[in-house]
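Coordinate inspection notes
These are the residues of each chain, in order.
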There are 2 protein chains.
Amino acid sequence: MDVLTIVGVGLIGGSIGLAVKRRGLARRVRGLGRTPATLDKARSLGAIDEIHLEPAAALRDAELVVFCTPVDQIADQAVRFASLCPPQTIFTDAGSTKALIVERLERDLPAPGPLFVGSHPLAGSEKRGPEFADPDLFQGRCTVVTPTARTAPTALATVQQFWERLGSWVRLMPPREHDRALAVTSHVPHLVAAALATTLPPAWRELTATGFRDTTRIAAGDPGLWTAIFRHNRAAVLAGLEAVAAQLTDFRRALEADDGAALTRLLTQAKEVRDALGS
Amino acid sequence: MDVLTIVGVGLIGGSIGLAVKRRGLARRVRGLGRTPATLDKARSLGAIDEIHLEPAAALRDAELVVFCTPVDQIADQAVRFASLCPPQTIFTDAGSTKALIVERLERDLPAPGPLFVGSHPLAGSEKRGPEFADPDLFQGRCTVVTPTARTAPTALATVQQFWERLGSWVRLMPPREHDRALAVTSHVPHLVAAALATTLPPAWRELTATGFRDTTRIAAGDPGLWTAIFRHNRAAVLAGLEAVAAQLTDFRRALEADDGAALTRLLTQAKEVRDALGS
């Protein structure tokens, strides 16, 4: 393509830029953001060709715009930017939640106007900023793309191909199913990791080994970004929390009863699930 | 030393053997176990010099005996083997719980007879067997040693020096304090990881990324070994589970109230604890 615009050049936006540049997928990559230092960093790393603090110049001839901003900002920005783009510009995003974003944009984007399809690359880290960007971040990873009955087939094809060219493989899912699944595979684990981390007194820090470190690693993620994710996916996260709490209650009861067979059965079920994932 | 006997040559016992051999810390390393194939494997990897299925020959001239068997077997074996060793033989172990083992052996080991001091190297993995042994497993890791008022100073000095020579640094703690700390840093995280893993339906496996994998990795541990650990440390594990459940309740309430400030505050507390651990 000719012009790709990345809105928000942090870890994800920066990684998209690096991957696009390395693979020669766009003639110009424009980075749009609010923080000059972050944009400078992204350009110096080769993730973007141009720095933009104002949307008009960043968007006027964009073919594809990828929103890599926090989930509570994506829909507002997309609506605000719609009139600045050529009609038929394709919008997608990298947000960790999909239903609220997709529903809002299907309602509020002008028609004719940009064509939106939601995406979520299942890649990332607890780190922030373009300095942690990685051109291979999407290699071999699943990207969920969430078309609906109202999605333009051209937008879907372009967005699917875009993630595939970055090395991802694409799974299509309805936005609400995506959110229910990600509550279980990502959002609830984050809350549980945070709860665990909080129970550690400073005096016992040096008594942690790889188990504690692995289990709580994602608790180092950015609190503001994650607050927005949890609020966007409240119902599914609450349901997922309840499922984990029920499992923990089963463990507690087996332990209270000193029931070795029940404990082994519960641990065996968990091991079977975990073994199926590989390391 | 002249003769070291390792009881149980799995991941931990095998790693001790490899580390001792590589550093030249013992003239002979005897491996005592129940499974010929495991002992053969340990010998072929160079973790032990001799294979023993019968304790008498393995123990008759041992200076140091390290029990690397499941926590519910250590004390029974140590009592049974006491009469087979020279008096003043030093016994230690690598068990993940300490109070029940130490209390039982202080009560039941004959005097004169072997001198016991409990140990727990904070190293390991969800893997099992000598094929995963690693001579550097203890390098830079903490080993907790748990002397009491009844511990012989010579035994403490020998055992402390032994772990230090394997590359570990030693922290001395009373057995019950060890168990309370390890409930928080290891045993409860294992239960929580297992509970999380169990909530994942097969259809959503491919929607897991590094967050879920890290958070649940330890759930692949051996169910039998962990059942024994949980039963050995029941009270502290139940208390630790309650602390995590209380934290999860705080998260749930903040989410039910859609209280972004409270969510961010809870996540920030967790992040501060996790950041203090390093990666």
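All values reported here derive from a predicted model rather than from experimental measurement. (Residues numbered from 1 in each chain as written. Chains lettered and ligands numbered in written order. Predicted model: local features only at pLDDT ≥ 70, side-chain atom pairs only at ≥ 80, totals over all residues. Heavy atoms only, no water.)

**Some details on the side chain of B:T208**
With respect to the helices, strands and loops of the structure, B:T208 is situated in the loop between α7 (175-198) and α8 (210-216). We classify B:T208 as buried; its relative accessible area is 7%. At a separation of 2.8 Å, a polar atom in the side chain of B:T208 contacts the main-chain carbonyl oxygen of B:R205. Engagement of the side chain of B:T208 in a polar contact is seen with the side chain of B:R213, the distance being 3.4 Å. Contact partners of B:T208, with chain neighbours within four places excluded, come to A:T185, A:L277, B:L200 and B:R213. (Helix = DSSP H or I, 4+ residues; strand = E, 2+ residues; numbered from the N terminus. Buried < 20%, exposed > 50% of the residue type's maximum accessible area, 1.4 Å probe, protein only. Polar contact = N/O pair within 3.5 Å; in protein donor to acceptor, adjacent residues only side chain to side chain. Contact = heavy atoms within 4.5 Å.)

**Brief notes about the interface of chain A and chain B**
Every contact between the two is made by 78 residues of chain A and, on the other side, 78 residues of chain B. A per-residue breakdown of the area chain A buries against chain B is headed by A:L207, A:L255 and A:L277, which together make up 9% of the total. At the junction of chain A and chain B, the tally comes to 6 salt bridges. In this structure, B:R171 engages A:E206 in a salt bridge whose closest nitrogen and oxygen atoms are separated by 2.5 Å. At the junction of chain A and chain B, the tally comes to 24 residue pairs in polar contact (both at pLDDT 80 or more). Where the side of chain A that touches chain B is concerned, the elements lending two or more residues are β8 (142-146), β9 (169-172), α7 (175-198), α8 (210-216), α9 (223-232), α10 (234-256) and α11 (260-277) of chain A. Among the residues making up the side of chain A that touches chain B, the classes are represented as 42 nonpolar, 19 polar and 17 charged. (Buried area = accessible area lost by both parts, 1.4 Å probe. Salt bridge = Lys/Arg side-chain N within 4 Å of Asp/Glu carboxyl O. Nonpolar A, V, L, I, M, F, W, Y, C, P; charged D, E, K, R; others polar.)

**Remarks on the pairing of strand β4 (residues 64-67) of chain A**
Residue and element names in this part refer to chain A. Burial along β4 is two-sided: the face carrying L64 and V66 and the face carrying V65 and F67 are both buried. As judged from the 4 bridges shared by strand β1 (residues 3-7) and β4, these two strands associate in the parallel manner. When the sheet's bridge partners are listed, V7 is paired in β4 with F67. Considered for its hand, the β-α-β crossover made up of β4, helix α4 (residues 71-81) and strand β5 (residues 90-93) is right-handed. (Pairing = 2+ DSSP bridges. Right-handed = clockwise from strand over helix to strand, strands pointing away.)

**A few points about the sheet that holds strand β8 (residues 142-146) of chain B**
Residue and element names in this part refer to chain B. In spatial order, the strands read β7-β8-β9; together these 3 strands make up an open sheet with mixed pairing. Single-partner strands in this sheet number two, and they are β7 (118-121) and β9 (169-172). The average undirected angle you get between the axes of adjacent strands in this sheet is 25°. The pairing of β7 with β8 spans 4 bridges and is antiparallel. Counted as the bridge partner of G118 is T146 from β8. α7 contacts β7, β8 and β9 of the sheet and is inclined by roughly 140° relative to β8. (Axes fitted to C-alpha atoms, helices over the stretch in contact; angles between N-to-C directions.)

**Details of the sheet that holds β8(A)**
All names here are of chain A. Strand order in this open sheet of 3 strands is β7-β8-β9, and the pairing throughout is mixed. Across the chains shown, the open sheet's two edge strands, defined by having one partner strand only, are β7 (118-121) and β9. In this sheet, neighbouring strand axes are inclined to one another by 25° on average, regardless of whether the strands run parallel or antiparallel. Looking at chain direction, β8 and β9 are connected through 4 bridges and run parallel.

The quantities given are spatial measurements derived from coordinates; they are silent on function.
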